[in-house]
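Okay, here's what each chain looks like letter by letter:
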Amino acid sequence: MVGHDTVGVPGVRVVLHRVTVSAPGPVDSTMSDSHGSFSFRVEPDTASAYLASVRWESIEYFSQPFPLDGTGDDSSAVVVVADTSQAAPVSLAARHLIVSNVGTEGTRDVVDLYVLNNPSALTRVARDTLHFTWFTRIPSYVVNIHGGNSAFAIESLRMTGDTVALYAAIPPGQHDVELDYQIPPNAHRVEFPVTADAPLSNIITPDRSMRVQGAFARSDTVIDKKPYARWEGKMSRGQPVVLRLGADPPPSWIVVVLVAAMGFVLIGVTVHTVTGPERRALHRS
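Residues numbered from 1 in each chain as written. Predicted model: local features only at pLDDT ≥ 70, side-chain atom pairs only at ≥ 80, totals over all residues. Heavy atoms only, no water.

Moving on to the sheet that holds strand 17 (residues 211–213). Strand pairing in a sheet relies on backbone hydrogen bonds, with the paired strands running either antiparallel or parallel. Pairing within the open sheet is antiparallel, and its three strands lie in the order 15-21-17. Each edge of the sheet is formed by a strand with only one pairing partner; in this case those strands are strand 15 (189–192) and strand 17. This sheet shows a mean twist of 20 degrees between the axes of neighbouring strands, independent of strand direction. As paired elements, strand 17 and strand 21 (residues 241–244) share three bridges and run antiparallel to each other. Of the residues in strand 21, the one forming a bridge with Gln-213 is Val-242. (Pairing = 2+ DSSP bridges. Helix = DSSP H or I, 4+ residues; strand = E, 2+ residues; numbered from the N terminus. Axes fitted to C-alpha atoms, helices over the stretch in contact; angles between N-to-C directions.)

So, on to the pattern of salt bridges. The tally for this structure, following the rule as stated, stands at seven salt bridges. Asp-220 is the salt-bridge partner of Arg-208, the closest N and O atoms lying 3.4 Å from each other. Of this pair, Arg-208 sits in the loop between strand 16 (198–205) and strand 17 while Asp-220 sits in the loop between strand 18 (216–218) and strand 19 (221–223); the two residues are twelve residues apart in sequence, bridging distant segments of the chain. Each of Arg-208, Arg-218 and Asp-220 takes part in a single network of salt bridges with overlapping partners. (Salt bridge = Lys/Arg side-chain N within 4 Å of Asp/Glu carboxyl O.)

The backbone phi angle of Asn-144 is positive, close to 50 degrees, even though this residue is not glycine. Summarising the element assignment, Asn-144 is placed in strand 11 (residues 143–147). Look at Asn-144 and you get partly exposed, because its relative accessible area is 48%. With a phi close to 65 degrees, Asn-186 is a non-glycine residue in the positive phi region. The topology assignment puts Asn-186 in the loop between strand 14 (173–183) and strand 15. (Buried < 20%, exposed > 50% of the residue type's maximum accessible area, 1.4 Å probe, protein only.)

Moving on to the packing of aromatic side chains. For the coordinates displayed, the defined rule picks out four aromatic pairs. Consider the rings of Tyr-114 and Trp-134, whose centres lie 5.2 Å apart with planes at 70 degrees: the pair is edge-to-face. Note that Tyr-114 is positioned in strand 8 (residues 108–118) and Trp-134 in strand 10 (residues 134–137), a separation of 20 residues in sequence. A single burial state applies to Tyr-114 and to Trp-134, both of which are buried. Judged by centre distance (6.1 Å) and plane angle (90 degrees), the ring pair of Phe-132 and Tyr-167 falls under edge-to-face. Here Phe-132 is found in the loop between strand 9 (123–124) and strand 10, whereas its partner Tyr-167 is found in the loop between strand 13 (163–166) and strand 14, with 35 residues between them in sequence. Accessibility expressed as a relative area gives 26% for Tyr-167, which makes it partly exposed. (Phe/Tyr/Trp six-rings, centres within 6.5 Å; stacked < 30°, edge-to-face > 60°.)

A few words now on the environment of Thr-123. Relative to the helices and strands, Thr-123 is located in strand 9. Taking the relative accessible area as the measure of exposure, Thr-123 reaches 0% and is therefore buried. In this structure, the C-alpha to C-alpha distance between Thr-123 and Pro-89, residues 34 residues apart in sequence, is 9.2 Å. When near neighbours in sequence (up to four residues on either side) are disregarded, Thr-123 contacts Ile-59, Tyr-61, Ala-82, Asp-83, Thr-84, Ser-85, Ala-88, Asn-118, Ala-169, Ile-170, Pro-171 and Pro-172. (Contact = heavy atoms within 4.5 Å.)

This next bit is on the side chain of Ser-85. When you line up the elements, Ser-85 lands in strand 6 (residues 84–85). In this structure Ser-85 comes out as buried when scored by relative accessible area, which is 17%. Engagement of the side chain of Ser-85 in a polar contact is seen with the backbone nitrogen of Ala-88, the distance being 3.4 Å. Not counting the four nearest positions on each side in its chain, Ser-85 is found in contact with Leu-122, Thr-123, Arg-124 and Val-125. (Polar contact = N/O pair within 3.5 Å; in protein donor to acceptor, adjacent residues only side chain to side chain.)

Turning next to the environment of Glu-191. Tracing the backbone shows Glu-191 in strand 15. Overall, the relative accessible area of 33% leaves Glu-191 in the partly exposed class. In this structure the C-alpha to C-alpha distance between Glu-191 and Gln-239, which are 48 residues apart in sequence, comes to 9.9 Å. In contact with Glu-191, not counting residues within four places along its chain, are Pro-139, Tyr-141, Pro-240, Val-241 and Val-242. Here Arg-189 takes part through its side chain, which lies 3.4 Å from a polar atom of the side chain of Glu-191.

Where burial is concerned, the two faces of strand 4 (residues 59–62) differ: the one with Ile-59 and Tyr-61 is buried and the one with Glu-60 and Phe-62 is not. As paired elements, strand 3 (residues 49–56) and strand 4 share four bridges and run antiparallel to each other. Residue pairing for strand 4: Trp-56 is matched across the bridge by Ile-59. What sits between strand 3 and strand 4 in their antiparallel hairpin is a turn of two residues, with Glu-57 showing a positive phi close to 50 degrees.

Shown next as structure tokens:
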């Protein structure tokens with residue numbers, strides 16, 4: 001990438017990956033030609049999606065996933081790489097909170113979804129491996145903290161106290177970071193720290209007795225024919241978001257179903273690049 005224009009890069013190895021539940025992984029590789037173009041010949045597999053990757057300045061870049069449906073039409077993919085900078089700006093395009101009902105053990109599941117935005121033409125990198133490129137804080141008393149489906153490898157997220165830091169390069173554009181955790185039993189007031197402005201934020205829960213303190217307006221919604229309480233607004237740095245929780249009975253469905261459904265209603269959320277089917281706990285140092 002040169003400025004905000006793209007130019008072809010010759011002589012770079014391009015790897016084709018198959019994305020499938022049973023056997024994901026690389027299936028072929030080739031070198032880009034003098035114009036930066038590349039091609040693969042693949043037997044169509046309607047149960048899989050494919051994506052291409054390129055390693056540039058020690059950073060792996062991926063295309064958007066594309067299907068091969070066997071119709072005979074060619075599928076195209078573009079892998080955009082960028083030069084790096086320690087000063088490339090990174091901000092929040094959005095932050096969304098999804099809070100479940102009270103579970104059978106008295107806990108509530110939370111999905112804390114951040115949409116990072118790098119508006120420059122440069123990839124944000126840290127000074128060295130000891131420094132992070134982005135961080136956030138979560139309530140200090142939450143439990144069972146996991147990384148969810150994010151645009152970054154789960155190993156690049158590390159936790160120290162109530163701080164979760166990202167130790168990965170952040171390319172130009174928008175990229176999701178999902179944190180999953182639980183509110184412990186008998187918590188009736190939960191305060192979420194806000195370390196950066198988020199101009200767009202949704203807070204969603206099936207618990208219609210929950211209340212939200214902050215710059216939010218309530219606008220309830222229906223997802224999969226079920227009613228949900230919903231607040232829309234913005235988060236401001238240094239001004240925590242406070243939830244006051246009711247005591248609804250255990251839910252009849254799990255929060256994962258809600259997360260999938262929310263992909264159709266949350267504004268500004270980018271397409272996830274799934275790195276694996278399992279979820280693993282964040283490393284606490």
